[in-house]
Structures are given as structure tokens and as C-alpha cells.
Amino acid sequence: MKIAIEELGIRYDSKRVIDGLSLTIEPGTLFTLLGPSGCGKTTLLRAIAGFVPVESGRLLFGANDVAHLPAHRRNIGMVFQDYALFPDKTVFDNVAYGLRARQVVESAITTRVGEALERVGLVGLDARRPAALSGGQRQRVALARALVIKPDVLLMDEPLSNLDAKLRHQVRATIVELQREARITTIFVTHDQDEALAMSDHIGVMNAGRLEQVGTPAEIYRAPRTGYVADFIGAANVVDVSLATPAVANTAVTAELGGRPLAGHAPQPVPAGAAKLVARPEDIGVSPAVGAAPGAITARVRQRQYLGSKTSYVMTLVGGQKLAVDCWGTGHDSYAVDDEVALSFDPAKTLVLAS
Amino acid sequence: MSVDLRSIWTWLSLALLALLVVFMLYPVANIFYGSFGVDGGKGSGWATLIGDPKYVRAIGNTILLGVLVTIAALAVGVPLAYLSARYDFPGKGIVSILPIITLVTPEVIVAQTWLMLLGNNGLLRRWLLEVGVTLPSFYGWFGLVAAMTFIYYTYAYIGTLAAIRGFDVQLEEAAQSLGTSPVRSRWKVLLPVVLPSVLASALLIFTLVVGNFALAMILGGRVELLSVMTYQAAVSETSANPVLQSTLASVSTALVMIVLFAQRWIVSRGRFEVTQGRVARPARLSGLAAGLFALVGGAVVLISLMPLMAVIAGAFTRARGPVMRWGEWTTANLERVLINAPGPMVNTLTYAAAATAIAIVLSALLGYLIVKRNNALTMTLDYLTAIPLALSGTALGIGLIHAFNGGWLPLTGTAAIIVLAYIIRRLPFGLRNASSTLYNIPRSIEEASVSLGVPPGRTFLRVVLPLMVPALAAAAVLTWTTTVAELSASIIVYSGGRETMPIQIFKLIDSNLMAQASAYGLILIAVIVVPIVVATKLFRVDLFSSRS
């Protein structure tokens, strides 16, 4: 089912937290709302679920505007951060709950609950109560309970944040697999950028109640449209630069960093003057300063973390600005603290944005 | 969250609000309003009150009694709590059943048994007289302070115990590591943390003394007390004086309200965040100290158990009129109570059952709305349900008869007004018990149910209510045990033929028929104890989970 949000306004505690937000989510895709805590992503999700009243705008599931429909009539499946399993009910009864509410006959319930539990990999635990399950198992029960009712929309509110790192990867895989298999339109809320990049068809990065950018994981990572997005996704360097002449969208530009010219790419128009330069740590090349071309940007190694497959450095530019640089491949650990180095930037991967 | 007119909770809140306004706020407003009425051409009730030294003395005596009993109860309860929290000594297990003992013993029975033992013709008094010891009269200050102390020290005990148990010994150790001696560090670190709880229980005890009716009435003798005068103004047939009743009830309500506000202020200020660290392990005592502690604990327990033992003995002792033939055993008293005059028993059971059932439904709904549906409307409900805390039973009784005596809703003379009095008196406590678990039920559980297609109302019944059952069971047991023993409000609103057991006991004490009073007392205690035992042993209900 396609979800279309049109000019949505949400008031919470007499404060407008979301104002005129629009978004379209294609049927059968997994859409992630990504942002720091307090950015409004959970409020938006809860409004879509029907737990937060919508003040203005439309919320379309397919062709139906559900903005003012009570939550229990929206046919959604929801997975909560704290699992929200019914503690007094068994695993079977938890999963059967939504089917019983829909007055499905008991024999069909047995089959469907069995299938759902099998799909999430929880066979033989039907009679257990939630207290007797591990965190990962609880989250799988919650997933089975949300999916068994064949909802039009699956909503997930930070479902992995209470799990440890290893379990998180397992449950992440289960979610993606089930979502692809059922082709169910899913909205996933998280503050974890790795999770967002790994799982989503599309990501919407939220900031202060607005969507900063919507795109595929690669677009968001490779072509962040604002410094905020670049900073939030991946450990990007966002550095102050200046531009002598305004840049047109999608053109090569030359910015000035610490008095040296630097070639980059402007995905959008950038006015002349102060601008932001975005470069990923892994996209910056390092070579010894001795023998570097004249006019190259030089820096001094300040910190060095040897991480096995790579070495992470913190470099200081002449102007005092700091840059994180990751070196891969042979000799990635060959620079020491206080070494003088020359940095090289790939013009295609070095973005210049309006500040 | 704002008030949503489409939500069923809004409509439920409004319905409950209407109920509370009519049956709770209206009677209370009536008391205050009535006190400004004109009293037989002499000005308002307040003018009469101030003009008559008798009433001024009564207010002074009531406050003095409150202070004396509070100090005495703290002197017994706080050390006892400290001993049982920090030390192991022989018989400590028995000390821990103290709260149950006071819970099961109705005050009217406590008063009666003290009289049987130490009254003018009391058993103990006569024994002591034979060995040459003459006790002062038990009627008056001596009896009042002694009897009340040995009931109310439990509140000091429970409150202090919880605070000491919750105290992190690492703080004490930290103080010692910083160079203070063990005694000094205990004094410096433990005391400030425990003090708010001690003060809070002190104020609670004070309000209970001010509102106390049974002991004040039966043991007060010639001491003029507010609750006794209020009662007498309410029931006196020669000069039924509604204005004065209202004024006296207003005074005691105002007194309690001031103290309650002070208590709330202290509790809110004293709420240190003691992060649960390590709880002190009780030190095992032996030798002289152990013997001494056991003796103190044992003496307190013995005195607390005396009413129970006396009522059992009294119920089976032959009596001719007011004369108890101690040592001659009989079942005649019980037979008479059970077969010839079962009315009070039947009334008690019927009214208490009705009150408990209604109070539990109200507690469940109100608790849910106040905790889970927080808005301006439910906040009003929260404030309204606290009203009975400030009302003594006597004041409530007067408010009810004035509000529902004829007029648009005549309830005076019906059983309904007794049930109503029971419900109102117990509602704040039932509510607190019922809502204790609600704080632990996350909002997401309800939302999960709603998201699965179950509307909010049915979600409450299917998901929340089952999780509330243990708390509601505890609330039901505690409501039952306290309503069957209720005296001060019901004695004002009851009418002939609707006597409950406590009322009947009160009347029998007045006629000095102690054997029959004991027989009713024994049945009353059985009616209280049996549900507690069944609930705690058979159904494993945790009665005090919400108190600590």
C-alpha cells in the first residue's frame, strides 16, 4: 500500500512539532525515518499509527485519508522499542491477539500463528510467557504479532535499540527478509545511521520536525544535500571554506581552504562567500609532505588510531581546522603523530554546499 | 495531553467527575457552607464556637492529645523499626507481624478490651489492687494516650522501617571512609535521609488522633475533645444543632488539612534520590543485648496482642448483665449473637460487600484515568479523590446527613447512605492500592493492543485490567477489612435496625455488656482475618506492596 503524507501538521503539548510535512512512500518499500532524538521522527510515526492526533493535512493509505481514523481501525502492524508484549499472555496468545480481535476462527488462528512463529524462527516457544524469553526472542514475537494480521502498513519504532550489537544484526536481517517477502510497506524509525543504510529502500533524514533530505541510502551517503545530513550520515568532515564566485547546481567548483585552492563538486547552487565543504574520511588521500606538488594542502598528524584493516587519523590544517582521515590498504599505518603530510581530495567526492 | 471529546475516556471522566461532585464535594461543601448559617439568633456557628470556652478547650485538648500521642508513638515505633532493620534478635519474626495486628483489630474493640482490662472494674486493675497497686483512672488522658499510642506506633514503625531499609549503607561507609566515627556517621548520614519519613508518619499519626472517634468517645471520660463534641452535637436529640455540627466538623477538617499540606510539603522536600545501592545486612546480636532487644520487642507485641486475647476470652466468658464471671466458660454469648441477633452481622457483611465492590470498580477506573490518561480533567479527579483524606469519619457523616436529608436525593435512613460513607472513606486508599501497578504498565502495551485492532475501551478490559488484578485484589481485601470495622461515619448516618457490628459493639460497651460486645468483636475479627488469610496464603496477594 502506498503512503502519502500531505502538508501534515502535528501539535504536541500546544507546540507545533511538525509543520507542513509531505512525503510519499512507495508500496512494498522500507522507508526509514532517521534523525537524532527529539527531531520528531517518533511523533511522526505515532501520528501515522494514530496515537498522536493530526492537526492539519492529509495522511493517505492508498486512496483513503486516515488522518482522523482511530488507531484501531487503520489496520497497521506496530513494533515497539520495548517490545510491548502482553506480560500475562503466552507467546501464542500474544501473536493470536490481533487475529482474535478480527474474529478469525480458532483453527485458522492456530495455523497462522504457527506460520508466523516459524517465519521469525521461534518454533516450540508457543507456551512461554514473555518473561521467559530473551530480548531477541521478545522482539521476534513482537514482529510475528505485528505481521500475522497482514497489516497494510508496518510501523517500527526503534525496534532494535534495546538489543546488543550481535542480536541487532540478526534481528535486522530477519526484519528485512520478512519485509521483502511480504512486500509490506514499512516505516522504520531509528537514530542509528548504520541501521538506516543497511536496511532501507529510502531514507528520510529528519531535523527539528522537517525532512532535510529523502533518498536512497547511496544518495544520502554520497550526495548529502546539507551539512546536517552529511554530518549525521557517516563521520563526514564538514569544513568551512569560501567561494570566489557563485556555483550553479551540478558543476565543478573551486573552493578556497586555508588559502589553497581545492576542487570539488556543487550538487546545488551555492552563493559566493562562506560555504561548507563535505569530505568523507575514506575519500581523502594522504602522501608524505616531502615531494608533494607545490600548492598541495598540507596538514599535521595529531592523533592516530590503528584499527587493523585501517588507520584513523586526525589531521590539523594550517588554519587550525581538524579533519578525520581514514587510510586503507598497504602502508595505511605509516604516518606517525606530528608527521607533516599532504592531503589530496577527489573532486567528484568532495562536496561544496551552501552554508 | 489535551482533552479529546471523541475519546470514551473523556466521557468516562466526566461521568466520574459528576459522581464525585455530587457524592463527595457536595457533602463537604455543605459542611463549610452550613457552618456560616445562623445559629438560633446568636450569629454564625463560628460565633458560638469562639464564644463558648468549652469548644475552645476541646480544640486545645484535641491538639494536645495529638501531640502527646504522636510523640509517644514515635518513641515506640522508631526505635523498634531501627532495631528490626539493623539487628537480628530472637523473636524478630513476631515483631514483623505488627502491621497485621493493628490492621485486623478494629479500634472499637481495642477500646473495649482496654476497658475490660484496666477500666473501673477491669481484670488487671483488680489483680493489681490485690497486690496493693492502685492505677490512676483509665478514663481520660491516661487511657487515651496509652491506647492510642499502642495502635498508632505501627505507622511510625512501618514508615521508618521502609526508609531505613531503602537506605544505602554505602553512604554510611563513605562517611566513615572520610573520617567520621561510626556513631557520628550514622547520625549525620542516616538521620537526614530517614527524617522526612519519620516526620511524615508523625503528621499522619496526628491526623488520625484528631479524627479518632472510637477511642476518644469510649476512653475520653471528662476530657473534652473535638470529635466527641461533634458527635454529640450530631446525635443529641434534645438540641440537634446543624449549624454547630457543621462548624465543629469544619474545624477538625481544617486542622487535618493544614497537617496534610504540611506532610505533603515535607514529603516532597525530603524526597532524596537514594539510588538503590547496598541495603544494610542486619547485625546478629547475642547475649545481653539480644535478650534486651527481644524483651522490648516482645513487650510491644504483647501489648498489641492484648485486645485480641481479651476479646477471645471475653467472648467465651459467662456474664450476668455487666458482671463478667472470669474463669467460667460458655458459648452462650456467641450463640446469642449468631442465632438470636444476627442483624448487625448480616448488615455489616451486606454493606461492606456492596461498598467493596463499588469502591474497587471506581478505584480501577479512576486509577486508570488518573495515571494513564493524564489531562486537566483527570487531574481534577485526582484532587477530588483526595478530599476524604481530610475528613474525619464524624465530619463525613455530618456532611452526608446534611446533604442527603430529604431534598432532591433523600438517602437518610437508607442502607445506601451507610454504603456511601464506607465508599467515600476508603476510596483514596483503594485508589492508591489499585493504581500502584499502573505505573509499571508501559503505554506501549495498550498501543500494541490498539494497533492490532482492539478499540481503547476493550483494550483496557483485555490488556490493562488483567494486569491490575493483583493490585485490585489487595485493594479489595484492604477495603473490606477496613469497612467492616468502620464506626465513626456509620454511627452518624445509620438508622434503627441498620446497626453494623462496630455500632452494636459501641452500644453494648455503653451499656457495659462486655461479654456480648466481645462475642460480636470475635466475629468481627474473624470476618477481617479470614479474607486476609485466604488472600495472602491461598491466592498469594501481596497486601502491602504499594506501601513501601
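Cut-off values and rules
- Residues numbered from 1 in each chain as written.
- Chains lettered and ligands numbered in written order.
- Predicted model: local features only at pLDDT ≥ 70, side-chain atom pairs only at ≥ 80, totals over all residues.
- Heavy atoms only, no water.
- Helix = DSSP H or I, 4+ residues; strand = E, 2+ residues; numbered from the N terminus.
- Buried < 20%, exposed > 50% of the residue type's maximum accessible area, 1.4 Å probe, protein only.
- Contact = heavy atoms within 4.5 Å.
- Areas by Shrake-Rupley, 256 points an atom, 1.4 Å probe, with all protein chains shown as cover.
- Lys, Arg positive; Asp, Glu negative; His and termini not counted.
- Charge placed at Lys NZ, Arg CZ, Asp CG, Glu CD.
- Phe/Tyr/Trp six-rings, centres within 6.5 Å; stacked < 30°, edge-to-face > 60°.
- Lys NZ or Arg CZ within 6 Å of the ring centre and 35° of its normal.
- Patch = residues over 30% accessible without salt bridge, like charges linked within 9 Å, V, L, I, M, F, W, Y side chains within 5 Å.
- Salt bridge = Lys/Arg side-chain N within 4 Å of Asp/Glu carboxyl O.
- Arc of directions from axis to C-beta.
- Axes fitted to C-alpha atoms, helices over the stretch in contact; angles between N-to-C directions.
- Parallel < 35°, antiparallel > 145°, perpendicular 65-115°, else oblique.
- Nonpolar A, V, L, I, M, F, W, Y, C, P; charged D, E, K, R; others polar.
- Pairing = 2+ DSSP bridges.
- Buried area = accessible area lost by both parts, 1.4 Å probe.
- Polar contact = N/O pair within 3.5 Å; in protein donor to acceptor, adjacent residues only side chain to side chain.
- Domains from an automatic or database assignment.

1. Here we look at the overall build of chain A
Assigned secondary structure in chain A consists of 8 helices and 20 strands. Referenced to the eigenvectors of the C-alpha coordinate spread, the extents of chain A come out at roughly 80 × 45 × 35 Å. A buried classification covers 50% of the 355 residues belonging to chain A. Contacts spanning at least 24 positions in sequence make up 66% of the contacts within chain A whose residues lie at least 6 apart. For chain A, the computed accessible surface area is about 15400 Å², with 51% contributed by carbon and sulfur atoms. Charge separation in chain A, taken as the distance between the mean sites of 37 positive and 37 negative side-chain charges, equals 3 Å.

2. Focus: the packing of aromatic side chains
In this structure the tally under the stated criterion is 16 aromatic pairs over all chains. Ring plane angle 80° and centroid distance 5.2 Å describe the contact between Phe-138 of chain B and Phe-142 of chain B, whose orientation is recorded as edge-to-face. What makes Phe-142 of chain B partly exposed here is its relative accessible area of 34%. Between Tyr-152 of chain B and Tyr-155 of chain B the ring centres are 6.1 Å apart and the planes differ by 45°, which places this aromatic pair in the tilted class. You can see Tyr-152 of chain B and its partner Tyr-155 of chain B sitting in helix α8 (residues 141-165), 3 residues apart, about one turn around the helix. Counting every residue linked through ring pairs, the aromatic cluster contains Trp-9, Tyr-368 and Phe-460 of chain B. For Arg-280 of chain A, the ring lying beneath its charged end belongs to Tyr-221 of chain A, and the centroid distance is 3.9 Å. The lysine or arginine in question, Arg-462 of chain B, covers the ring of Tyr-97 of chain A, its NZ or CZ lying 5.7 Å from the ring centre.

3. Let's talk about a nonpolar patch on the surface
Taken together, the side chains of Trp-187, Leu-191, Leu-195 and Leu-199 of chain B present a nonpolar region at the surface, about 390 Å² in accessible area. In this fold, Leu-199 of chain B is placed in helix α10 (residues 182-211).

4. Points about unusual backbone geometry
Phi is positive for Tyr-83 of chain A, close to 70°, though the residue is something other than glycine. Assignment of secondary structure puts Tyr-83 of chain A in the loop between β6 (76-79) and α2 (91-101). Given a relative accessible area of 10%, Tyr-83 of chain A falls into the buried group. Phi at Asn-512 of chain B takes a positive value of approximately 65°, unusual for a residue other than glycine.

5. What to know about helix α15 (residues 332-340) of chain B
All names here are of chain B. Among the residues of α15, those classed as buried are Asn-333, Leu-334 and Val-337. Taken end-on, α15 shows its buried residues confined to a sector of 95°, consistent with a single buried face. The outward face of α15, more than 90 degrees from its buried face, is lined by the exposed residues Ile-339 and Asn-340. Buried residues in α15 make contact with α14 (287-315), β3 (317-320) and α25 (514-538).

6. A closer look at the packing of helix α1 (residues 8-35) of chain B against helix α19 (residues 393-403) of chain B
Residue and element names in this part refer to chain B. Contact pair α1 / α19: the axes reach a minimum separation of 8 Å and the direction vectors enclose 95°. One way to sum up the angle between α1 and α19 is to call them roughly perpendicular. Residues Phe-23, Tyr-26, Pro-27, Asn-30 and Ile-31 of α1 form the contact with α19, whose own contacting residues are Ala-395, Gly-399, Leu-400, His-402 and Ala-403. Here the residues of the contact of α1 with α19 sort into 7 nonpolar, 3 polar and no charged.

7. Here's the deal with the pattern of salt bridges
Residues and elements named next belong to chain A. For the structure on display, the rule yields 21 salt bridges over all chains. For the salt bridge of Arg-180 with Asp-201, the shortest nitrogen-to-oxygen distance reads 3.4 Å. Taken together, the positions of Arg-180 in helix α5 (residues 165-182) and Asp-201 in the loop between α6 (193-199) and β9 (202-207) put the pair 21 residues apart, joining distant regions of the chain. Since its relative accessible area comes to 36%, Arg-180 is described here as partly exposed. Judged by its relative accessible area of 24%, Asp-201 is partly exposed. Through salt bridges that share partners, Arg-11, Arg-16, Asp-19 and Glu-55 make up one connected network.

8. Focus on the sheet that holds strand β1 (residues 3-12) of chain A
Residues and elements named next belong to chain A. Spatially, β2-β1-β4-β5 is the arrangement adopted by the 4 strands of the open sheet, whose pairing is antiparallel. Strands with a single pairing partner mark the edges of an open sheet, and in this sheet they are β2 (15-25) and β5 (64-65). Contacts from helix α1 (residues 41-49) reach β1, β2 and β4 (56-61), with the element oriented near 110° to β1.

9. As for the interface of chain A and chain B
Taken together, the 23 residues of chain A in the interface contact 21 residues of chain B. Here chain A packs against chain B, burying approximately 1800 Å² in sum over the two surfaces, 58% of which is carbon and sulfur. For the interface between chain A and chain B, the tally reads 1 salt bridge. Our count for the chain A to chain B interface comes out at 5 residue pairs in polar contact (both at pLDDT 80 or more). Contributions of two or more residues to the side of chain A that touches chain B are made by β6 and α2 of chain A. Here the side of chain A that touches chain B gets 3 residues from one element, more than from any other, and that element is α2 of chain A.

10. Points about the environment of Ile-187 of chain A
Residues and elements named next belong to chain A. By the element assignment, Ile-187 lies in strand β8 (residues 185-190). Taking relative accessible area as the criterion, Ile-187 reaches 1% and is therefore assigned buried. Separated by 155 residues in sequence, Ile-187 and Thr-32 have C-alpha atoms that sit 5.7 Å apart. Apart from the residues within four sequence positions on either side, Ile-187 is in contact with Ile-3, Ile-25, Phe-31, Leu-33, Leu-45, Ile-48, Leu-154, Leu-155 and Met-156.

11. Brief notes about the environment of Gln-179 of chain A
Residue and element names in this part refer to chain A. Following the sequence through the fold, Gln-179 ends up in helix α5. C-alpha of Gln-179 to C-alpha of Leu-154: the two residues are 25 residues apart in sequence and 8.7 Å apart in space. Non-local contacts of Gln-179, meaning those with residues more than four positions away in its chain, are made with Gly-28, Thr-29, Leu-30, Ile-184 and Thr-186.

12. A closer look at the domain arrangement of chain B
One widely used convention gives an interface's size as the accessible area the parts lose upon coming together. Residue and element names in this part refer to chain B. Split into domains, chain B comes out as domain 1 (1-33 + 332-548) and domain 2 (35-315). At the junction of the two partners, domain 1 supplies 37 residues and domain 2 supplies 37 residues. Summing the contributions of domain 1 and of domain 2, the shared interface buries around 3300 Å²; its carbon and sulfur component is 76%. Our count for the domain 1 to domain 2 interface comes out at 5 residue pairs in polar contact (both at pLDDT 80 or more). If you list the elements that add at least two residues to the side of domain 1 that touches domain 2, you get α1, α18 (387-390), α19, α23 (490-493), α24 (501-510) and α25.

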